[in-house]
Amino acid sequence: MTRPLEPWRQAEFEISAAEPRGFPAPRGTEIAFVGRSNAGKSSALNTLCGQRSLARTSRTPGRTQLVNFFRIDDARCLVDLPGYGFAKVSIEAKQRWQWLIGAYLEGRSNLAGVVLVMDIRHPLTDADRLMVGWCADAGVRLLALLSKADKVSRGAAAGTVRKVVADLNGYPAAHEVVAFSAPKTTGVSEVLTILEDWFTET
Ligand SMILES: Nc1nc2c(ncn2[C@@H]2O[C@H](COP(=O)(O)OP(=O)(O)OP(=O)(O)O)[C@@H](O)[C@H]2O)c(=O)[nH]1
Ligand SMILES: [Mg+2]
């Protein structure tokens, strides 16, 4: 099936927010990307939009603590949440991260679902599980996007997908698991299909 990619290609950076009062007023529906720093969130976002540098790759990983909003059109918005899991980050920075993500996830009335980006070689870390728990409590749809699938064999990727599917078995809201590769564009149409469904069902 050919997906209507064109609107995604037109996606533009809208605004960055360092704290909840900087979040733009909800307009249309939103899908948020979360995951460990370096998991491949920005790369996935860029690949899905068919753009090379829509979301900037952080030169100083772990330091960016902003929520970035990218607008597809009036009805659709993609949100890049700060990456977590950097051991070097101070306790205050971690608490700040929790506060910011919590404020976004708990308070965002137009949130259609969350894309949890995880390196296919290290899925479901403790922090990822915390994230899954938050989404479950909030009743938010979840897509586990297993990035860097090009780094493992096809068989290994399929095996990890099965494991994550089994692990998310008890997840209360709608959820999906997809193996993804930014350079090879593996999983792109599958992910676009799921996210478009979320946008239209909400
Ligand atoms: N081989 C391969 N490398 C990838 C893939 N996705 C991302 N990368 C690489 O992984 C590194 C981190 O990617 P980013 O997209 O910047 O990761 P991020 O999750 O946005 O990281 P933060 O912004 O620090 O939270 C970069 O060097 C990317 O080129 C992928 O699918 N395959
Ligand atoms: Mg990033």
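The structure we're discussing is the one just above.
Here goes a summary of the coordinates provided. Quick caveat, the model's predicted, so the values are computed rather than measured. (Residues numbered from 1 in each chain as written. Chains lettered and ligands numbered in written order. Predicted model: local features only at pLDDT ≥ 70, side-chain atom pairs only at ≥ 80, totals over all residues. Heavy atoms only, no water.)

1. What to know about the overall build of the protein chain
Worth spelling out the cut-off: Numbering of helices and strands starts at the N terminus; helices are DSSP runs of H or I of at least 4 residues and strands are runs of E of at least 2. Radius of gyration here uses only the C-alpha atoms, and the compact-globule reference equals 2.2 Å multiplied by the residue count raised to the power 0.38. Categorising residues by exposure relies on relative accessible area from a 1.4 Å probe, with only protein chains included: less than 20% of the type maximum marks a residue as buried, more than 50% marks it as exposed, and the intermediate range marks it as partly exposed. The contact criterion used is simple: two residues touch if any of their non-hydrogen atoms lie within 4.5 Å. In short, Shrake-Rupley with a 1.4 Å probe defines the accessible areas, and a residue's cover is counted only from the protein chains shown. Charged-residue counts in this description rest on Lys and Arg as positive and Asp and Glu as negative, His and the chain ends being excluded. Just so you know, the charge point we use is NZ for Lys, CZ for Arg, CG for Asp and CD for Glu.
Summing up its helical and strand segments, the protein chain has six helices and seven strands in all. Counting from the amino terminus, helix and strand elements in the protein chain follow one another as α-β-β-α-β-β-α-β-α-β-α-β-α. Here the C-alpha atoms of the protein chain give a radius of gyration of 16 Å, agreeing with the 17 Å that 2.2 N^0.38 yields for 202 residues. Considered along the principal axes of its C-alpha atoms, the protein chain spans approximately 45 × 40 × 35 Å. Across the 202 residues of the protein chain, 49% fall into the buried class. Within the protein chain, contacts between residues at least 6 apart in sequence are counted, and of these 77% link residues at least 24 apart. Surface accessibility of the protein chain: about 10200 Å² in total, with carbon and sulfur atoms responsible for 49%. In the protein chain, 25 positive and 21 negative side-chain charges are present, and the distance between their average locations comes to 8 Å.

2. Details of the site of ligand 1
Operational definition: Think of it this way: one heavy atom of a residue within 4 Å of a molecule or strand is enough to make that residue near it. Whenever two N or O atoms come within 3.5 Å, that pair is a polar contact, provided that in protein one can donate a hydrogen and the other can accept it, and provided that, for residues adjacent in sequence, both atoms are side-chain atoms.
Near ligand 1 lie 16 residues; those nearest to it are Ser37, Lys41, Ser43, Asp150 and Ala182. One of the backbone N or O atoms of Asn38 is found 2.9 Å from an oxygen atom in ligand 1. Within the side chain of Ser43, one N or O atom sits 2.6 Å away from an oxygen atom of ligand 1.

3. Quick notes on the packing of aromatic side chains
For the record, the criterion: Pairing of aromatic rings covers Phe, Tyr and Trp, the last through its six-membered ring, and needs centres within 6.5 Å; plane angles under 30 degrees mean stacked, over 60 mean edge-to-face, and all others mean tilted.
In total, this model carries seven aromatic pairs according to the counting rule given. Between Trp8 and Phe199 the ring centres are 6.2 Å apart and the planes differ by 65°, which places this aromatic pair in the edge-to-face class. Of the two residues, Trp8 is situated in helix 1 (residues 6-9) and Phe199 in helix 6 (residues 188-201); the sequence distance between them amounts to 191 residues. The same class applies to Trp8 and to Phe199, which are both buried. Taken together, a centroid distance of 6.3 Å and an interplanar angle of 25° make the contact between Trp97 and Trp134 stacked. Of this pair, Trp97 sits in helix 3 (residues 91-107) while Trp134 sits in helix 4 (residues 126-138), and the two are 37 residues apart along the sequence. Trp97 sits in the buried class, given a relative accessible area of 11%. A relative accessible area of 23% means that Trp134 is categorised as partly exposed. One aromatic cluster is present, formed by Phe23, Phe69 and Tyr104 through successive ring pairs.

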